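Descriptive structure summary
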Amino acid sequence: MPVDNPNISQDLPVIRQLDDAAINRIAAGEVVERPASAVKELVENAIDAGSRRIEIAYADGGKTLIRITDDGCGITEEQLPLALSRHATSKIDGTDLLDIHTFGFRGEALPSLGAVGRLSITSRVGKAPAAQISVEGGAMSAVKPAALSGGTIVELRDLFYATPARLKFMRSDRAEAQAITDVVKRLAMAEPFVGFTLRDVTGGGDGRVTFRVEAENGDLFDALHGRLARILGKEFAENALKIDAEREGLRLIGYAALPTYSRGSSVAQYLFVNGRPVKDKLLVGALRGAYFDYLSRDRHPAAALFIDCDPHLVDVNVHPAKSEVRFRDPGLARGLIVSSLRHALAEAGHRASTTVANSTLDAFKPEPLGNMGALGATTSTPAGPARVYQMDRPSLGARTAAYQAQAPMAQEPGFADLTEAYSARVEPVETEVAQEVPAEGLPLGAARAQVHENYIVAQTETGMVIVDQHAAHERLVYEKLKRQMAENGVAAQALLIPEIVELSEGDCARIMTVADDLSKLGLTIEAFGGGAVAVRETPALLGEVNARAMVLDILDELDDAGESMLVQAKLEAILSRVACHGSIRSGRRMRGEEMNALLREMEATPHSGQCNHGRPTYVELKLADIERLFGRT
């Protein structure tokens, strides 16, 4: 039954040229999505102007006021009107749209903001007099004299007043303020040598400072490490690995956290290309792939990574907000991230996050509040300050001597006599072994006891280590199985009758681009004409496989992330289960030499600090932390 199309009128459509005001409002819809978008554009302009200190003030989540103050080069009085003109910029000359070395280059931000809000710019260049220009709803005022010591002040009031319908789509003031904070923090990471101050002036006055970082000093890595510590926290800085790698014109620098310092979502992943914060699917997928073998699916790595390259190797003009980029060779960028991170994680060896020890210490209960009465009864009298016990710490020589001498000897009765009554014991240590214990090359120390037939207690030079024997050995067996699979390849089982999977021609072409990679993992597919593929071999380790479902799942991953880890994930899941069943079980009593052998193998095996699911295999407590638990300072 024919239905009238409401989008087609009976009259012949007429093509019209829109006026500048309408053009700028449309452009603002692309560039300025919310107040945080306006802050991003204005702060990027300040950075491009060579500013060393930038202050951002906002009111009501940026809806009523956004003010950016910088100490950059400024804009001359003659060029102020041109700065508010559409597609006018000082950053490119238009001859090469790939040769971009600045944040901005389109010349759209200022006229777009002036079309939807009340915008004023006050600027001064050197010793020349300062000048000011204003624009409201696209109507520009004349340039007039102003008072300013230097730099530029851009003030945007009543954002979207000219397009009030956009205000209905704004979120709460708190949510918009949080988005502004996130934008400023990302730009602060990209520019560690620039100081940033973020101020909430809702209600008038000087307001309150919600974020501040001073300009960092030193070389690039020192400055970046200091800036990340101030933004992401001290714990991230303590547990982050330095990344510095280069390949075919692309350089990757930054810091990536240990697997045991993981997050429940991807909120701590910060990626930059030529200093520009991006949220790119290719780069996020590469980061996930690098940690693929060390984290469970519900955990996410934390990292701040910076890719620097010749501007001609990457196109930044593929997204209205410039939040996505396109590399000339995407595989090169992905491979650089994956290989660099995996190399850094391997070099970290058995190291685990310091947050594990902090969580352990937090789990200990503090001394109960209130004064202790007779027989330990707690009185209702309010407690005074916590008691502090002063005690001289023994010298290094005294600790070393005690370290050697305090191990229980085989001929002397000790805690081992209690093994029948309690689920803990101390293993006898031979004299010659005890003499070798204090060697500095033993980060995990020497085994001293086994608790509940599952946890090894070891004494180190600076404290103690508690090891989960099952989780630790499971990881060691898993790493050994992976090495064997890498050396010998993945055994494939040929299907008696190849399974034909019907696909669209586009899906067929897409999966055939990764056919060689799948073949290395034991899954052999061939084009079968039209849009069909024939599955001829599947990995023997997986047993009986639903080939069609696997092919479709691989295609879904390719569409979502640009790559597929499905087959590898299934293979490594099998290896993980084999490792679990082949490792030391909980409840098994271990001899002293077995426990020490496990510790030595952990020290020599990369990634032994976390189990196959990203959980820690050991906890290290420093002597100072233990003393603090007992009130010693």
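Below, the structure is looked at part by part.

**Some remarks on the environment of Lys-242**
With respect to the helices and strands, the residue Lys-242 is situated in strand 10 (residues 240-247). Spatially, the C-alpha atoms of Lys-242 and Ala-257 are 9.0 Å apart, while their sequence positions differ by 15 residues. Here Lys-242 is in contact with Phe-221, Gly-254, Tyr-255 and Ala-344, once residues within four sequence places are set aside.

**So, the sheet that holds strand 12 (residues 269-273)**
In space, the five strands of this open sheet follow the order 10-11-14-12-13, with mixed pairing throughout. The open sheet has two free edges, formed respectively by strand 10 and strand 13 (276-278), since each of these has just one partner strand. Each strand axis lies, on average, 20° off the axis of its neighbour in the sheet, ignoring direction. Bridge count for strand 10 against strand 11 (residues 250-257) is eight bridges, and the pairing is antiparallel. Pairing of Ala-245 across the sheet is with Leu-252, part of strand 11. Strands in contact with helix 6 (residues 220-232) are strand 10, strand 11, strand 12 and strand 14 (303-308); relative to strand 11, the strand with the most contacts, it is inclined by about 40°. Contacting strand 12, strand 13 and strand 14, helix 8 (residues 281-290) crosses the sheet at an angle of about 130° to strand 12.

**Some remarks on unusual backbone geometry**
Positive phi, normally seen in glycine, also occurs at Glu-453, with a value near 50°. Tracing the chain through its elements places Glu-453 in the loop between strand 18 (446-451) and strand 19 (455-459). The exposure class of Glu-453 is buried, given its relative accessible area of 12%. In this structure, His-607 is a non-glycine residue whose phi angle is positive, near 70°. According to the relative accessible area criterion, His-607 is buried, its value standing at 7%.

**Focus: the sheet that holds strand 21 (residues 492-502)**
Neighbouring strands of a sheet are bound in pairs by backbone hydrogen bonds; such pairs are parallel or else antiparallel. Taken together, the three strands give an open sheet; going across it, the order is 21-23-22, and neighbouring strands pair in antiparallel fashion. Pairing within the sheet leaves two strands with one partner each, and these edge strands are strand 21 and strand 22 (524-527). In this sheet, neighbouring strand axes are inclined to one another by 20° on average, regardless of whether the strands run parallel or antiparallel. As paired elements, strand 21 and strand 23 (residues 532-539) share seven bridges and run antiparallel to each other. Counterpart to Glu-502 in the pairing with strand 23 is Ala-532.

Rules of the game
Residues numbered from 1 in each chain as written. Predicted model: local features only at pLDDT ≥ 70, side-chain atom pairs only at ≥ 80, totals over all residues. Heavy atoms only, no water. Helix = DSSP H or I, 4+ residues; strand = E, 2+ residues; numbered from the N terminus. Contact = heavy atoms within 4.5 Å. Pairing = 2+ DSSP bridges. Axes fitted to C-alpha atoms, helices over the stretch in contact; angles between N-to-C directions. Buried < 20%, exposed > 50% of the residue type's maximum accessible area, 1.4 Å probe, protein only.

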